[in-house]
Amino acid sequence: MRSPPPPARRPQAPRSRPAPGPSPLAPGRPQIGPALWVTAGLIAAVWLQEIVDLLGFGGGLDVYGIEPRAPGTFWHVLTAPFLHYGFPHLIANTVPLAVLAFMSAVRGVGRFLAVTLVVAVVGGGLVWLLGRGGSVHLGASELIFGYLAYLLGVGWWERTPAAIGVAVVAAVLYGGILWGVLPGNPAVSWEAHLFGFLAGLLAAALLHGRRPGKMAGGKRG
């Protein structure tokens, strides 16, 4: 006897999976609105902190700056960039911090937060490890130099017209501050400037090391 043929299977409709949402670190269109909000929040935070520090603590919060190689103080790398030695110090940093933070955040708030973390931890960590002993390093200039380096690094790594244009604008506006990476005034933390700048370059390399449209191992015909 012949066995009956197996029942014919009905063709199944193709299944599809929802496309994953965009990564907060993925490149995209300029985010002007979110960049304005995160920049305003950053400036408001450093000003509010300084007002509370001076009026409520008499400047006592400055002890949370970076003390090179002081045991148990490494975590101060997360607080030092947001502290200042009084209002003149803060006023001097406010405009370049706002401008460079906004220019960095336009590329995406997720990337901006990642850059800020890299600059604070890596740059501050190097200050803690290699900075002058017997001193306390604090101030947003570490972030300023980090954001400037990030914008210049993005221009170098991506080499797109937009990235190069932003890098040129940043260099024209604030390229002159790069002299601050050299030792000079003992009251100024050139170490924070130098290591913040290096950390900004590192952040650019980590986030933009592969230029758009260039595949790994690709060949030209």
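Our structure is the block above this text.
Everything quoted here is computed from the prediction, not taken from an experiment.

**Topic: the packing of aromatic side chains**
A complete count under the given rule lists four aromatic pairs for this structure. The interplanar angle of 20° and the centroid separation of 5.7 Å between the aromatic rings of tryptophan 47 and phenylalanine 87 together place this pair among those described as stacked. Of the two residues, tryptophan 47 is situated in helix 1 (residues 32-56) and phenylalanine 87 in helix 2 (residues 87-105); the sequence distance between them amounts to 40 residues. For phenylalanine 87, a relative accessible area of 29% puts it in the partly exposed group. When the centroid spacing of 5.7 Å and the interplanar angle of 50° are considered together, the rings of tyrosine 64 and tryptophan 75 count as tilted. In this pair, tyrosine 64 sits in the loop between helix 1 and helix 2 while tryptophan 75 sits in the loop between helix 1 and helix 2, placing the two residues 11 residues apart along the sequence. We classify tryptophan 75 as partly exposed; its relative accessible area is 45%. Cation over ring: arginine 159 sits above tryptophan 156, and NZ or CZ is 3.9 Å from the ring centre.

**Quick notes on the pattern of salt bridges**
Under the defined criterion, the tally for this structure stands at two salt bridges. Salt-bridge contacts for arginine 107 lead to glutamate 158; the nearest nitrogen and oxygen are separated by 2.7 Å. Remark: glutamate 158 occurs in helix 4 (residues 141-158) and arginine 107 occurs in the loop between helix 2 and helix 3 (109-130); sequence separation between them is 51 residues. Take arginine 107: its relative accessible area is 23%, and that puts it in the partly exposed class.

About the cut-offs
- Residues numbered from 1 in each chain as written.
- Predicted model: local features only at pLDDT ≥ 70, side-chain atom pairs only at ≥ 80, totals over all residues.
- Heavy atoms only, no water.
- Phe/Tyr/Trp six-rings, centres within 6.5 Å; stacked < 30°, edge-to-face > 60°.
- Helix = DSSP H or I, 4+ residues; strand = E, 2+ residues; numbered from the N terminus.
- Buried < 20%, exposed > 50% of the residue type's maximum accessible area, 1.4 Å probe, protein only.
- Lys NZ or Arg CZ within 6 Å of the ring centre and 35° of its normal.
- Salt bridge = Lys/Arg side-chain N within 4 Å of Asp/Glu carboxyl O.

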